[in-house]
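Spelled out, the chains give:
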Number of protein chains: 2
Amino acid sequence: MADRTSSEDDRRPGRTVGFRPLYRQVRDMFEQRIAEGTWAAGQILPSEMQLASELSVSQGTVRKALDEMTADNILVRRQGRGTYVASHDEKRILFQFFKLTPDDGPLRFPDSVVTEAVRRVALPSERDRLGLTGTDEVVAIERTRSLSGEPVLVERIVAPADALPGIEIGEIPNNLYGLYSERYGVVVVRAQEKLKAVAAGPREAAALGVPEGTPLLAIDRLAWSVDGRPIEWRVSMCLTDRHHYLSDLK
Amino acid sequence: MADRTSSEDDRRPGRTVGFRPLYRQVRDMFEQRIAEGTWAAGQILPSEMQLASELSVSQGTVRKALDEMTADNILVRRQGRGTYVASHDEKRILFQFFKLTPDDGPLRFPDSVVTEAVRRVALPSERDRLGLTGTDEVVAIERTRSLSGEPVLVERIVAPADALPGIEIGEIPNNLYGLYSERYGVVVVRAQEKLKAVAAGPREAAALGVPEGTPLLAIDRLAWSVDGRPIEWRVSMCLTDRHHYLSDLK
DNA sequence: TAGTGGTCTAGACCACTTC
DNA sequence: AAGTGGTCTAGACCACTAG
């Protein structure tokens, strides 16, 4: 493992500016391996001891890096088995990325019906949110999602086409983040949602089977890949008469 | 420090059932001290070394307990200075408990105008949410809150009266969690919010100066004290035409 | 039984704040 | 200079899983 400053050859930290703990440098390396696909979603990592000796670092330093990444839901650790790159299975989606819960009854994964899927040049607003330029293309999807057979939300999803090369518009799975990671090695690890209450317009009203003007919960989500690139913009319009958005504050 | 099982006298963990790491027992003790008021909000804790020798535990074990509590925003650590019980100053409220953000412009702390404050017997729904029984009393507050002079939300707050003994209905401060901790030693550390989109009724419409039926964001929050007791139920009806609820998913 | 992560300890040194 | 938290190391042992 190299020094943590830019110029010295020992382990002594430099001045206040630019100091970065060793375990964070280790974490950066691990995240880079995930971003590059060296470690794919669901795959097991080498053991702490192996990683430590590979990097010429103590096991405790490797552990601290792995613990941080586990706390951020990038890795999953299982005592006695090993450390794995967190995969986007339905359980993780429900736990981390799907906050719409039935008022009574258990959390469930919604069905999806795709109503539109196209590849086209990005609109200005999409370029803005996704950090695209000029003539960059996006994949745009619209779909309606149901819980227990009842439509609960309609959403529009936009992702940069170059991050998902050769994506087949025809076959959009229910679990998109699983597709991103399994097929394109793009691992979504973080998202930010902005929520508003809005009145249903004609399209939402028709798709959800409610009158125009019905209050809907609008969820505007931007999702980032492990390497920090914005990878998807999604706006969901949700019926909340029998569901709610669950947010834990701590 | 005692053993971590219930019956043995050494440090050897027992069977799988009932095993609890030493650092969690240490954390439990620390949380108890906060709940009892031994360590009040804003107060500095003894140093890691002092705590370790007091409990006959290594510094590393104390550190792990303190780190966990810091991650949960119960403590604040400042290198070179010490470890403090997190106080409910405006900065913490904004960071942890107030998620309504202007669409453009910086996050700010809202003003409040109390429109009603009474002490009365708890309603059945309130007993249910707050874990009260029989003739337990509550303090109920209604207020309107503004950002930049514009009313953005109206909320109803209900708290068990016995947790806030002798609370003066007359003087309700803007920052309620600060009052709870400073005056009654009740430290709120966690909350859960359920969000829905609803139509403004006559009262909300009048208080917020919008037509009836305007979509509002309803935030139903239950807040817990450090000892796990539900300490406040709050329902906020928010105008989201120029603000949004910010939720980070990771 | 072997190998993994999880806990606990002890000690050295660094970064930061205060006096 | 002294005291705090932060980092890094090394080693022992425990809990859990799998063969």
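What counts and what doesn't
- Residues numbered from 1 in each chain as written.
- Chains lettered and ligands numbered in written order.
- Predicted model: local features only at pLDDT ≥ 70, side-chain atom pairs only at ≥ 80, totals over all residues.
- Heavy atoms only, no water.
- Pairing = 2+ DSSP bridges.
- Helix = DSSP H or I, 4+ residues; strand = E, 2+ residues; numbered from the N terminus.
- Axes fitted to C-alpha atoms, helices over the stretch in contact; angles between N-to-C directions.
- Contact = heavy atoms within 4.5 Å.
- Buried area = accessible area lost by both parts, 1.4 Å probe.
- Salt bridge = Lys/Arg side-chain N within 4 Å of Asp/Glu carboxyl O.
- Polar contact = N/O pair within 3.5 Å; in protein donor to acceptor, adjacent residues only side chain to side chain.
- Nonpolar A, V, L, I, M, F, W, Y, C, P; charged D, E, K, R; others polar.
- Core = buried A, V, L, I, M, F, W, Y, C linked by side-chain atoms within 4.5 Å.
- Buried < 20%, exposed > 50% of the residue type's maximum accessible area, 1.4 Å probe, protein only.
- Least-squares fit on C-alpha atoms with pLDDT ≥ 70 in both.

**Topic: the sheet that holds strand β9 (residues 230-238) of chain B**
Hydrogen bonds between backbone atoms are what pair the strands of a sheet, whose relative direction is either parallel or antiparallel.
(1) Moving on: Read from one edge of the open sheet, eight strands run β3(A)-β10(A)-β7(B)-β8(B)-β9(B)-β6(B)-β5(B)-β4(B), paired in antiparallel fashion. The open sheet terminates on both sides in strands that have one partner only, identified here as β3 (100-102) of chain A together with β4 (111-121) of chain B. Taken pair by pair, the neighbouring strands of this sheet meet at an average axis angle of 25°, ignoring direction.
(2) Moving on: Taken together, the 11 bridges between strand β7 (residues 188-199) of chain B and strand β8 (residues 215-225) of chain B define a ladder with antiparallel strand orientation. Note on β8(B): the bridge partner recorded for V198(B) is L216(B).
(3) Moving on: Across the sheet, helix α6 (residues 176-184) of chain B touches β5 (137-147), β6 (150-160), β7, β8 and β9 of chain B, and the angle it forms with β9(B) is around 165°.

**Some remarks on the interface of chain B and chain A**
(1) Moving on: Each side of the interface is counted separately: chain B has 32 residues, and chain A has 32 residues.
(2) Moving on: Around 2600 Å² of area is buried between chain B and chain A when both sides are counted, 53% of it from carbon and sulfur atoms.
(3) Moving on: Ranking the residues of chain B by area buried against chain A places K196(B), L249(B) and K250(B) at the top, with a combined share of 28%.
(4) Moving on: Where chain B meets chain A, there are two salt bridges.
(5) Moving on: For K196(B), the salt bridge is made with D103(A), and the minimal N-O distance between the two is 2.7 Å.
(6) Moving on: If you look at where chain B meets chain A, you find 24 residue pairs in polar contact (both at pLDDT 80 or more).
(7) Moving on: At the level of secondary structure, the elements contributing two or more residues to the side of chain B that touches chain A comprise α4 (90-97), β7, β8 and β10 (243-249) of chain B.
(8) Moving on: In terms of residues, the side of chain B that touches chain A owes the most to one element, β7(B), which gives 11 residues.
(9) Moving on: Across the side of chain B that touches chain A, the residue classes break down as 13 nonpolar, seven polar and 12 charged.

**What about the nonpolar core?**
Soluble globular proteins tend to bury their nonpolar side chains together.
(1) Moving on: In terms of nonpolar packing, the biggest core is built from 72 residues, with Y180(A) and Y180(B) touching the most fellow members.
(2) Moving on: Setting aside its immediate chain neighbours within four residues, Y180(B) contacts I157(B), A159(B), L164(B), G185(B), V186(B), V188(B) and E232(B).

**Let's talk about the relation of the copies chain B and chain A**
(1) Moving on: For these two chains of identical sequence, chain B goes onto chain A by a turn of 180° and a shift of 0.0 Å along the axis, with RMSD 0.0 Å. Taken together, the rotation and translation relating the two chain copies correspond to the operation of a two-fold axis.
(2) Moving on: Take the interface residues of chain B: 100% of them recur as interface residues in chain A, which is what a same-surface contact looks like.

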